Structure formats: structure tokens, C-alpha cells
Amino acid sequence: MLGVEITHRRYHSVESLAEATGISRSRLGRLLQKMGRVPTGATDAECGRMRFDAEEITGFIADSETAIPLLDVPEYIGASKRQVEMLYAAEIVLPLVPRTGRGAVRNAVFARRHLHKLLSTISELPEAGPADGSLASISYACQRGIGTTPDVVRRVLSGELPAFRKSGPPRLDRVLVSPIRASA
């Protein structure tokens, strides 16, 4: 402005945000309402007059550009489709746009950042050694009655349930627990 070069954006409008994310303006307005960034019931014209701090909304833009559809999450975190559905319903795996009710978001997508946080917690688990033959996968342990997948995963992530991991990249199917210790 007035001879000063502007090197970075300070604010976004719904229009510029729609351009940056590739989401249509009207759909983006509805998404921002569901995320609590726009007042519920705001008209399209009201949304168009709003502005958002660019630094605050940058995370949303980055997450939306690299989002993973629900269909691809099982392969990404190393879980079955049913396990991911249960983790999604239990809000352990959170979608980019929060679901506020049944059918609120038709095409659920997940931020890689959130999934990486889950996988980094798994990577911090101690590696299982060859002497740990009594350990079993989460799915096997759940079949033996220690609880549901969301209960076991929540307990593993909180550190309440001792768990180990197989060598290799962190994935949910490489997490090992003791079915005996878990049911006690």
C-alpha cells in the first residue's frame, strides 16, 4: 500500500478462501458455519462480508488441501474399514469438518495432521521384542473380550493400557497388547 510491498496475506474473505481451497463459495459458507467460524443461519451475503485472519485460517486451508477421504483412512492408518468407522463414531479419529448430526457431512474427509498425531503416538510405543509372545493385535484382543476397538485404542493412546508395536512404520495393525493384562 502506498509504495510498501505486501508480502503476505493478512485476511481472507469467503471468496478468497474458496479460491485457495477449491471449494465452492456457497459450500464453504456452510462448512464454516458447521465449524463455528460463521454464525449459524448467516446468509450468503452476510458470509461474503466477513473476513478471517489469514494466519488462523491457514491451518484449515492446508488441512483441506491434503485431506484424506474416509474411504482411504483404513489404509492410511492400518486399520480395517469397520475399525475406522468405530473410531470415527467414537470421535477418536476426527473429520476435518465436525459432524453435528446424522447426515451433516456427506463426504467426510480427515486432516493428515490429525492422523499423523495418532500415528506419532503409536510410534512412541516401545517396540515388542521376540520374547513378547503373549502379545496380540488389537483386533484379536477385542475378539477375546477385552472391549471394543474404540475402548482399547483410547486406553492405549492415554497410556492406561500397556502396549507395544511391531517394527516398521507406525500403523494401528502393528499395535500389540496383552489380552490377559487388558482384561484385568
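Attention here is on the structure that accompanies the text. Just so we're clear, the structure is a prediction, and the values are computed from it rather than from any experiment.

Attention shifts here to the packing of helix α1 (residues 14-21) against helix α4 (residues 54-65). The contact between α1 and α4 brings their axes to 9 Å, and the two run at 30°. As α1 packs across α4, the resulting crossing turns out to be right-handed. Where α1 approaches α4, its residues Leu-17, Ala-20 and Thr-21 are matched on the opposing element by Ile-57, Phe-60, Ile-61, Ser-64 and Glu-65.

Given 3.6 residues per turn, any residue in an α-helix points the same way as the ones three and four places further on. Listed in full, the buried residues belonging to α1 are Val-14, Ser-16, Leu-17, Ala-18 and Thr-21. Tucked inside the fold, the buried residues of α1 contact β1 (11-13), α2 (25-34), α3 (44-49), β2 (51-53) and α4. Just beyond α1, the residue with positive phi is Gly-22, at close to 80°.

Let's shift gears to the layout of surface pockets. When its volume is computed, the largest pocket comes out at roughly 300 Å³. Around the largest pocket, the lining is made up of 15 residues, and of these Leu-94, Pro-95, Leu-96, Pro-98 and His-114 lie nearest the centre. Every element with two or more residues in the lining of the largest pocket is listed here: α4 and α7 (112-123). Sort the elements by how many residues they give to the lining of the largest pocket and α7 lands first, with three residues. Residue composition of the lining of the largest pocket, grouped by class: nine nonpolar, one polar and five charged.

Let us look at the packing of α1 against α2. In contact at an axis separation of 9 Å, α1 and α2 are set at 105° when each is read in the N-to-C sense. Relative to α2, α1 is oriented roughly perpendicular. Taking contact as the criterion, the partners of Val-14, Glu-15, Leu-17, Ala-18 and Thr-21 in α1 are, on α2, Arg-25, Leu-28 and Leu-32.

With that settled, consider the environment of His-114. Among the structural elements, His-114 can be located in helix α7. By relative accessible area, which is 23% here, His-114 ends up partly exposed. Taking C-alpha positions, His-114 is 19 Å from Gly-36, a pair spaced 78 residues apart along the chain. Residues contacting His-114, with those up to four places away along its chain left out, are Ile-92, Val-93 and Leu-94.

Counting across every chain of the model gives seven salt bridges. Here Arg-171 makes a salt bridge to Glu-75, at a shortest N to O gap of 3.9 Å. You can see Arg-171 sitting in the loop between β6 (163-165) and β7 (175-177) and its partner Glu-75 sitting in helix α5 (residues 73-77), a full 96 residues away along the chain. Overall, Arg-171 belongs to the buried group, its relative accessible area being 19%.

Cut-off values and rules
Every chain's residues receive numbers from 1 upward, in the order its sequence appears when written. With pLDDT at 70 or above as the cut-off, local features in this predicted model cover only qualifying residues; side-chain atom pairs require 80 or more to be listed or tallied, and sums for whole chains, interfaces and linings still use all residues. Excluded from the side-chain calculation are hydrogens and water; included are all heavy atoms of the structure. Between the N-to-C directions of two axes lies an angle of 0 to 180 degrees, each axis being a line fitted to C-alpha atoms and, for a helix, fitted only over the stretch in contact. Put simply, DSSP marks the helices as runs of H or I at least four residues long and the strands as runs of E at least two long, and each gets a number from the N terminus on. Crossing handedness follows the turn of the near helix against the far one: under a right angle anticlockwise gives a left-handed crossing, and clockwise gives a right-handed one. Should any heavy atoms of two residues lie within 4.5 Å, those residues are counted as being in contact. Working definition: with a 1.4 Å probe on protein chains only, accessible area under 20% of the residue-type maximum means buried, over 50% means exposed, and in between means partly exposed. Residues are called lining when one of their atoms sits within 4 Å of a cavity or pocket point, these points coming from a 1 Å grid over the protein atoms alone, where a cavity is a set in which a 1.4 Å probe fits but cannot get out and a pocket is an open set with protein on both sides within 12 Å along at least five of seven lines. Grid points are joined across faces, edges and corners, and a volume is the space filled by probe spheres set on the points. Gly is placed with the polar residues, together with every amino acid not listed as nonpolar (Ala, Val, Leu, Ile, Met, Phe, Trp, Tyr, Cys and Pro) or charged (Asp, Glu, Lys and Arg). In these notes the angle categories are as follows: under 35 degrees is roughly parallel, over 145 is roughly antiparallel, 65 to 115 is roughly perpendicular, and the rest is oblique. Basic side-chain nitrogens of Lys or Arg form a salt bridge, by our definition, when they fall within 4 Å of a carboxyl oxygen of Asp or Glu.

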